[in-house]
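# Geometric and topological summary
Next come the chains, spelled out residue by residue.
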Amino acid sequence: MFLSDKPKFFGRRKGRTIRKAKSTLLEAFLPTIKITPETNFNKQTLFVRPVEKVFLEIGFGNGEHLAGQALNNPETGFIGAEVFQNGVANLLTLITGIKEGDNLPEKITLLPGRNDNIRVWDDDVRLLFSKIPDNFVDKVFVLFPDPWPKKRHASRRFINPDNLKEIARILKKDGILRVATDHKVYKGWTLRQMAADKNFVWTAKCGNDWKHEPSDWVQTKYQRKAIREGRRPVFLDYKRV
Ligand SMILES: C[S@@+](CC[C@H](N)C(=O)[O-])C[C@H]1O[C@@H](n2cnc3c(N)ncnc32)[C@H](O)[C@@H]1O
């Protein structure tokens, strides 16, 4: 535990029963990349090789964006935080190449040459924040956070003053916080929360650029479903000032 008062978490920690391959990955492979309370946040040692840049993805879901970004940026270290165990297990299938029904090898390894730049925090990211030093992170992704659209649930929305304060602290100057959402209520909420926070400025240059995927974007299943169902995502990049 990093915080004395454990914050209440309202989402799901477990979904469908985790099948054989995924539960083996969680038991046998996750510990090799998992961040624990003892982990030392040093850029020389946190990843398999020293890194200059660190990106943090909060609530990585099934891990497609995290795995894709890590593959596209092999020199950057990635910290992925996800509380939903089925999602963590899915990320492990992406980076090891092991699928349900495969014969499990005696020693599970990463797909050759891939994704050795990811460390995983498999719990609520709010319990990790205090462990991350100031100015440690270059980019933070909060992609399609749970919208909690009902007014009485607004305090559960992840983009809120307490979390923004921590994100501002761990981000370097000029670092980027990227928030994507396909939800009307969450879009308005995020724009208002961010406008009120003097630590960030919105990088949008024209009326439309935030309606298009950024050039370094990696699509996820969640996003494809939103588009199929007629919801248009927005991509909000904020610079730490
Ligand atoms: C709607 S899903 C989106 C998943 C993914 N970002 C995507 O775009 O496909 C939101 C995810 O955030 C995770 N999440 C919510 N609050 C979190 C927290 N405090 N710490 C870590 N993960 C969190 C949830 O478990 C869920 O998987």
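Anything mentioned here points back to the structure above.
Structural notes, computed from the coordinates. (Residues numbered from 1 in each chain as written. Predicted model: local features only at pLDDT ≥ 70, side-chain atom pairs only at ≥ 80, totals over all residues.)

### Some points on the overall build of the protein
Here is the rule we go by: In DSSP terms, a helix is any run of H or I states spanning at least four residues, a strand is any run of E spanning at least two, and both are numbered starting from the N terminus. We compute the radius of gyration over the C-alpha atoms and compare it with the globule rule, which gives 2.2 Å times the number of residues raised to the power 0.38. Here, residue contact means that the backbone-derived C-beta atoms of the two residues sit within 7 Å.
A count of helices and strands for the protein gives six helices and seven strands. For the protein, the α and β elements follow one another from N to C terminus as α-β-α-β-α-β-β-α-β-α-β-α-β. Against the 2.2 N^0.38 benchmark of 18 Å for 241 residues, the protein shows a C-alpha radius of gyration of 18 Å, consistent with a compact globule. In terms of principal-axis extent, the alpha carbons of the protein reach across some 55 × 40 × 40 Å. Here the analysis covers contacts within the protein between residues at least 6 apart in sequence; of these, 77% occur between residues at least 24 apart.

### Digging into the site of the ligand
Under the convention used in this document: Here, nearness means that the C-beta atom of a residue, built from backbone geometry, sits within 6 Å of the molecule or strand in question. Throughout, the ten residues Ala, Val, Leu, Ile, Met, Phe, Trp, Tyr, Cys and Pro are labelled nonpolar, Asp, Glu, Lys and Arg are labelled charged, and all others, Gly among them, are labelled polar.
Taken together, 20 residues are adjacent to the ligand, and Gly 59, Gly 61, Phe 84, Thr 220 and Tyr 222 come closest. Here the residues of the shell around the ligand are counted per class, giving eleven nonpolar, five polar and four charged.

### What to know about the sheet that holds strand 7 (residues 234-240)
For clarity, the threshold we go by: DSSP-based pairing: two strands are paired if at least 2 bridges between them are found. Here an axis means a line fitted to C-alpha atoms, over the contact stretch when the element is a helix, while the angle between two N-to-C directions is reported on a 0 to 180 degree scale.
On the basis of which strands lie adjacent, the open sheet formed by seven strands has the order 3-2-1-4-5-7-6 and mixed pairing. In this open sheet, the two edge strands, each paired with only one partner strand, are strand 3 (118-121) and strand 6 (200-202). When the angles between neighbouring strand axes are averaged without regard to direction, this sheet yields 20°. Where strand 1 (residues 54-58) and strand 2 (residues 77-81) come together, five bridges link them in parallel fashion. The residue of strand 2 that forms the bridge with Ile 58 is Ala 81. Sitting on the sheet, helix 2 (residues 64-72) touches strand 1, strand 2, strand 3 and strand 4 (137-143), and the angle it makes with strand 2 is about 175°.

### A closer look at the environment of Gly 207
Within the secondary structure, Gly 207 is located in the loop between strand 6 and helix 6 (221-228). Separated by 60 residues in sequence, Gly 207 and Pro 147 place their C-alpha atoms 23 Å apart.

### What to know about the packing of helix 1 (residues 20-33) against helix 3 (residues 85-96)
When two helices pack together, their arrangement is captured by the angle between the axes and the distance separating the axes. Rules: In this scheme, roughly parallel covers angles under 35 degrees and roughly antiparallel covers those over 145, while 65 to 115 is roughly perpendicular and the rest are oblique.
Where helix 1 meets helix 3, the closest approach of the two axes is 9 Å, and the angle between their N-to-C directions is 80°. One element, helix 1, and the other, helix 3, form an angle in the roughly perpendicular class. Taken together, the residues of helix 3 that come into contact with helix 1 (itself represented by Lys 22, Leu 25, Leu 26, Phe 29 and Leu 30) are Gln 85, Val 88, Ala 89, Leu 92, Thr 93 and Thr 96. Within the contact of helix 1 with helix 3, the residues separate by chemical class into seven nonpolar, three polar and one charged.

### Regarding the nonpolar core
Heads up, the rule is: A set of buried residues drawn from Ala, Val, Leu, Ile, Met, Phe, Trp, Tyr and Cys, joined through C-beta atoms within 7 Å, is what defines a nonpolar core. Partly exposed residues are those whose C-beta has more than 12 but fewer than 20 other C-beta atoms within 10 Å; with 20 or more the residue is buried, with 12 or fewer it is exposed, and the C-beta atoms are placed from the backbone.
If you look at the biggest cluster of nonpolar residues, it comprises 48 residues, and the most contacted ones within it are Leu 91, Val 137, Val 140 and Val 142. The greatest single-element share of this core, amounting to six residues, is contributed by helix 3. Aside from chain neighbours lying at most four places away, what touches Val 140 is Leu 56, Ile 58, Ile 167, Leu 171 and Leu 177.

Geometric values such as these leave the question of function open.
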